[in-house]
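One letter stands for each residue in the lines below.
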Amino acid sequence: MNISLKRVKTFQASGVKIDPQCKKDYDDMHSRKMYSYLIFRISDDDTTIIVEKKGLKGASYKEFQDELAKAVATGKECRYGCVDVEFAVQRQGTESVSSIRKVVFVQLCPDDAPVRKRMLYASSVRGLKSCLGLESLMQIQASDISDLDEKAIKHELMTHQRIFFLPLNAGYHLNIWRIESTVLVFFFEVNIFFIFSVANMLLQTKEAHHLKRETEYAFRN
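Residues numbered from 1 in each chain as written. Predicted model: local features only at pLDDT ≥ 70, side-chain atom pairs only at ≥ 80, totals over all residues. Heavy atoms only, no water.

Visitor: Honestly, the packing of aromatic side chains in this entry has me stumped. Any pointers?
Guide: By convention here, two paired aromatic rings are described through the distance between centres and the angle between planes. Throughout the structure, instances matching the rule amount to four aromatic pairs. Taken together, a centroid distance of 4.9 Å and an interplanar angle of 45° make the contact between Tyr80 and Tyr121 tilted. Taken together, the residues span a long stretch of sequence, with Tyr80 in strand E5 (residues 79-90) and Tyr121 in helix H3 (residues 115-132) at a distance of 41 residues. Given a relative accessible area of 1%, Tyr121 falls into the buried group. The structure contains a cluster of three or more aromatic residues connected by ring pairs, namely Tyr37, Tyr61 and Phe64. (Phe/Tyr/Trp six-rings, centres within 6.5 Å; stacked < 30°, edge-to-face > 60°. Helix = DSSP H or I, 4+ residues; strand = E, 2+ residues; numbered from the N terminus. Buried < 20%, exposed > 50% of the residue type's maximum accessible area, 1.4 Å probe, protein only.)

So, in structure tokens, the structure goes:
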């Protein structure tokens with residue numbers, strides 16, 4: 001896939017670019033309700049996040065789970081995903097129940113996936129979420145497809161939905177908690193990038209040393 005660098009957003013921590021099609025398809029899903037879910041992956045050359053699968057309007061959450069399971073079937077692959085989840089919530093102080101839809105962001109990295117791949121996905125997720133405008137949405141970090149249980153996710157969404165009915169002072173403390181969490185996530189991702197860079201530098205140094213020894217041996221013989 002040929003992509004103009006001028007049109008591709010880059011996240012500095014990992015250097016992985018975001019294919020503009022990711023944002024377009026997400027807008028079609030979120031605003032125009034054209035898709036029920038999206039699955040993203042990092043390209044084979046580790047340079048760009050691209051759209052791998054689009055779930056048609058009306059597709060079930062089970063289908064989203066199944067497609068993710070197929071994508072990481074070997075346990076050696078990681079994926080990102082966005083899924084539109086519908087759940088019911090009772091308004092505080094009333095007996096009425098409302099149906100609400102929320103987009104949930106998923107980061108699936110099996111424990112058996114190579115360390116380098118898991119680190120690359122971990123250090124690139126912030127860039128994808130920023131590009132799509134998902135920083136404030138619920139995110140699930142899963143290591144197994146069983147972590148994406150639909151009932152558990154809906155329960156979590158209902159719990160978070162109560163945030164909108166908290167008193168002002170409770171909302172203030174909640175916002176402080178969100179700010180602190182964002183700072184912690186930022187430092188965590190910076191540390192991951194630093195470790196990844198050092199490991200890569202050591203690997204290159206080892207390869208260069210090995211090549212030097214082979215060259216010296218060739219000249220001696």
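Visitor: Just checking my understanding: could you explain the pattern of salt bridges for this structure?
Guide: Side chains carrying opposite charge are able to pair once their charged atoms draw close together. The tally for this structure, following the rule as stated, stands at 15 salt bridges. As a salt-bridge pair, Lys54 and Asp25 come within 3.3 Å of each other at their nearest N and O atoms. With Lys54 in strand E4 (residues 48-56) and Asp25 in helix H1 (residues 20-30), this pair connects stretches of sequence that are 29 residues apart. Between Glu150 and Lys154 there is a salt bridge, with its nearest N and O atoms 3.3 Å apart. (Salt bridge = Lys/Arg side-chain N within 4 Å of Asp/Glu carboxyl O.)

Visitor: So what exactly am I meant to see when it comes to the confidence of the model for the protein here?
Guide: Low-confidence regions, as indicated by low pLDDT, have predicted coordinates that should not be scrutinised in detail. Averaged over all residues, the pLDDT of the protein is 76; the fraction at 70 or higher stands at 62%. Mean pLDDT across the elements of the protein bottoms out in strand E1 (residues 9-10) (42) and peaks in strand E3 (residues 35-42) (97). Here residues 1-12 is modelled with pLDDT under 50, and outside its nearest four sequence neighbours on either side it reaches 24 contacts, counting other chains as well. This model gives residues 163-180 a pLDDT under 50, and the stretch forms six contacts once residues within four places in sequence are excluded. (pLDDT = per-residue confidence, 0-100. Contact = heavy atoms within 4.5 Å.)

Visitor: Would you take a moment to explain a negative patch on the surface for this structure?
Guide: There is a patch of like negative charges on the surface, built from Asp111, Asp112, Asp144 and Asp147. Structurally, Asp111 can be placed in the loop between strand E6 (97-108) and H3. Looking at Asp111, the relative accessible area reads 55%, which means it is exposed. (Patch = residues over 30% accessible without salt bridge, like charges linked within 9 Å, V, L, I, M, F, W, Y side chains within 5 Å. Areas by Shrake-Rupley, 256 points an atom, 1.4 Å probe, with all protein chains shown as cover. Lys, Arg positive; Asp, Glu negative; His and termini not counted. Charge placed at Lys NZ, Arg CZ, Asp CG, Glu CD.)

Visitor: What's the story with the nonpolar core in this structure? I'm lost.
Guide: Generally speaking, a soluble globular protein has its nonpolar side chains buried in company with each other. Grouped together as the largest cluster of nonpolar side chains are 25 residues, with contacts concentrated most on Phe40, Ile49, Tyr80, Cys82, Leu128 and Leu132. Where this core is concerned, the elements lending two or more residues are H1, E3, E4, E5, E6 and H3. Once residues within four sequence positions are removed from consideration, Leu128 is found in contact with Ile18, Phe40, Ile49, Tyr80 and Phe105. Core analysis: the second largest hydrophobic core is formed by 21 residues, Phe64, Val72, Val83 and Ile100 among them. (Core = buried A, V, L, I, M, F, W, Y, C linked by side-chain atoms within 4.5 Å.)

Visitor: Looking at this structure, how should I read the environment of Ala142?
Guide: Tracing the backbone shows Ala142 in strand E7 (residues 139-142). Put simply, Ala142 and Arg79 are 63 residues apart on the chain and 10.0 Å apart in space, counted from C-alpha to C-alpha. Apart from residues no more than four positions distant in its own chain, Ala142 is found in contact with Gln107, Leu108, Cys109, Asp147 and Leu148.

Visitor: Can you help me understand H3 in this one?
Guide: Given 3.6 residues per helical turn, the α-helix brings residues three or four places apart onto the same face. In a regular helix each residue adds 1.5 Å, so 18 residues correspond to 26 Å; H3 covers 26 Å between its end C-alpha atoms and thus fits that length. Of all the bends found along H3, the most pronounced is centred on Ser124 and spans about 35°. All buried positions along H3 are accounted for by Met119, Leu120, Tyr121, Ala122, Ser123, Ser124, Val125, Gly127, Leu128, Lys129, Cys131 and Leu132. Note on H3: the residue one or two positions beyond its end, Gly133, has a positive phi of about 80°. (Expected span 1.5 Å × (residues − 1). Bend = angle between axes of the 7 residues up to and from the residue.)

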